[in-house]
Amino acid sequence: MSEPKKLFIKTYGCQMNVYDSERMSEALGGQGYVETKTPDDADMILLNTCHIREKAAEKVYSELGRFKGLKAEKPDLKIGVAGCVAQAEGEEIMRRQPLVDLVVGPQSYHRLPEMEAKTRAGEKALGTDFPEEDKFEKLKNRPKAKRGPTAFLTVQEGCDKFCAFCVVPYTRGAEVSRPADRIIREAHDLVERGVREITLLGQNVNAYHGAGPDGDMTLAGLIWELNKVDGLERIRFTTSHPNDMADDLIEAHGTCDKLMPYLHLPVQSGSDRILKRMNRSHTAESYLRLIERIRAARPDIVMSGDFIVGFPEETEEDFQATMDLVEEVKYGYAYSFKYSTRPGTPAAERAQVDPAAADDRLQRLQALITRHQREIQDGMVGRTVRVLFEKPGRLPGQMVGKSEYLHSVHVKGPEIAVGDLKEVRITESGANSLAGELL
Ligand code: SAH
Ligand code: SF4
Ligand code: F3S
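Here the structure is a predicted model, which means the values were calculated and not measured. Numbers given for residues are sequential positions, taken from 1 along each chain in its written order. A letter from A marks each chain and a number from 1 marks each ligand, given out in the order of writing. Given that this is a predicted model, residues contribute local features only at a pLDDT of at least 70 and side-chain atom pairs are listed and counted only at 80 or more, while totals for whole chains, interfaces and linings are drawn from all residues. Heavy atoms from the whole structure form the basis of all side-chain values; hydrogens and water molecules are not counted.

Draft legend 1. The arrangement of the sheet that holds strand β6 (residues 125-127) in detail. Only strands that DSSP links by at least two bridges are regarded as paired with each other. In this description a helix means any DSSP run of H or I spanning at least four residues, a strand means any run of E spanning at least two, and both kinds are numbered starting from the N terminus. Read from one edge of the open sheet, 6 strands run β2-β1-β3-β4-β5-β6, paired in parallel fashion. Each edge of the open sheet carries a strand with a single partner, namely β2 (33-35) and β6. Averaged over all adjacent pairs, the angle separating strand axes in this sheet is 20°, with direction ignored. Two strands pair when backbone bridges link them, and strand β4 (residues 78-82) and strand β5 (residues 102-104) are joined in this way by 3 bridges, in the parallel orientation. If you follow Val81 over to β5, its bridge partner there is Val103. Against the sheet, helix α1 (residues 15-29) engages β1 (5-11), β2, β3 (44-49) and β4, with an angle of about 155° to β3. Lying on the sheet, helix α5 (residues 112-120) is in contact with β1, β2, β3, β4, β5 and β6; it crosses β5 at an angle near 165°. Axis lines are fitted to C-alpha atoms, over the contacting stretch for helices. Their N-to-C directions set the angle, which ranges from 0 to 180 degrees. We call two residues in contact whenever any of their non-hydrogen atoms come within 4.5 Å of each other.

Draft legend 2. Seen up close, the sheet that holds strand β7 (residues 150-154). If you walk across this open sheet you meet the 3 strands as β7-β10-β13, and the pairing is parallel. With one partner strand each, in any of the chains shown, β7 and β13 (234-238) form the two edges of the open sheet. For this sheet, the mean inter-axis angle between neighbouring strands, taken without regard to orientation, is 25°. Two strands pair when backbone bridges link them, and strand β10 (residues 197-201) and β13 are joined in this way by 5 bridges, in the parallel orientation. Residue Thr199 lies in a different strand from β13, and its bridge partner there is Arg236. Packed on one face of the sheet, helix α8 (residues 180-192) meets β7 and β10 and runs near 165° to β7.

Draft legend 3. Looking closely at unusual backbone geometry. For the bond from Thr238 to Thr239, the omega torsion is 0°, close enough to zero to count as cis. Relative to the helices and strands, Thr239 is located in the loop between β13 and α10 (247-255). Here the phi dihedral of Glu313 falls at roughly 75°; this positive angle occurs in a residue that is not glycine. Structurally, Glu313 is set in the loop between β15 (302-309) and α13 (316-329).

Draft legend 4. Layout of the pattern of salt bridges. Any carboxyl oxygen of Asp or Glu within 4 Å of a side-chain nitrogen of Lys or Arg constitutes a salt bridge here. What the rule picks out here adds up to 40 salt bridges. A salt bridge links Arg23 to Glu22; the nearest nitrogen and oxygen atoms lie 3.4 Å apart. Judged by its relative accessible area of 22%, Glu22 falls in the partly exposed class. Arg371 is the salt-bridge partner of Glu375, the closest N and O atoms lying 3.3 Å from each other. Placement of the pair is Glu375 and Arg371 together in helix α14 (residues 355-378), with a separation of 4 residues, close to one helical turn. Under the scheme applied here, a residue whose accessible area is under 20% of the maximum for its type counts as buried, over 50% as exposed, and between as partly exposed, the area being computed with a 1.4 Å probe on protein chains only. For Glu375, a relative accessible area of 39% puts it in the partly exposed group. A network of salt bridges, in which partner residues are shared, links Glu314, Glu316, Asp360, Arg361 and Arg364.

Right, here's the structure in full:
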């Protein structure tokens, strides 16, 4: 057999890109590629890109420019761009950066092997269609190799919500759910390879409505099916939209033992005027009432969220409403971003907020979020949690894993192995993680 070719993949953006990169690596594995950790010895470089904010796309072009020297040394090196920038800018990338041999959007990944062959024949390959088929079924080249204890599994993709700031409905396309039996089979495969925790992914994961044995299944229905998978210990899902938080899903948080007490539920703003302008179709009040119901089902749940500050026309008063909402919810984690104008989205046309004011708001919001985050983390001291160990820590004999609530926990214990799930008493709360001892 000939020497394997080497593939270097760099992944930007959300968890779905992480999942997609794994699938692309497996698919190209079928073409004789093995992954390498550096671009220097690669025969193919793939950048799996994100378009969500302006800086994300600019990073891709500067990264591409840096491969010029490599390509000059090694004319056989193929350079590809995948992900949401590929979808949004397609041919523009080829024009702007002649080094690029291949551009593939998220809905065309099943064409990657054939596109790779085309580049080997010296041609450029462009794939940015939205075909009607389950690309993951076509992509599969199921390896049996062992892997780490946690994995992502995409169950739903795309979005029909069209929030006024967001590119996702354009880059990922319309909302599509994968059939339940394929997801369950994939979960079994992952468990056989050592996975004990699965995070179900979707841009609108709680809108899941994949085909099941008796008609469409809800996300809660799918979670209950996965709850039966022997050897799978934990189930998580992300990202949810408040409007799709169905009763059966809320209830599952109280009754499904493998479903973890952590929920990422972005709200974006606490001002009803801004939420309306964002086309979010929920209010601050309806969101707060929803969280009340979730907490009634699972009182210890840790909430997480996303926020945008400086959305067009946002006033100081609107921003205060966001601060008030954050005060009320108290997030265990929250991600906040300064609004970034995305060409082609409705909000791009509107009156923009002064960047200095937006920076100032972002700082104030992040300070408040950090304070809550720290309070919730500190509140874990003295409690007993279950930790799924993922890797060795920085100190000798130390292992790191995640609690049910997704906090990182460091534990000294040379007897602990990766993949162990153990009870830990929390003794300390540090800047970004907890420390504890085995019970
Ligand atoms: N599907 C998810 C997340 C989509 S993108 C949801 O509906 O919430 C992840 C986060 O990026 C969003 O929640 C939002 O807070 C942020 N984001 C999206 N577009 C943005 C933009 N144009 N500028 C700044 N932040 C943005
Ligand atoms: Fe973007 Fe809104 Fe869809 Fe989330 S729900 S992916 S923020 S359009
Ligand atoms: Fe980015 Fe696309 Fe994910 S724009 S956040 S990689 S869906």
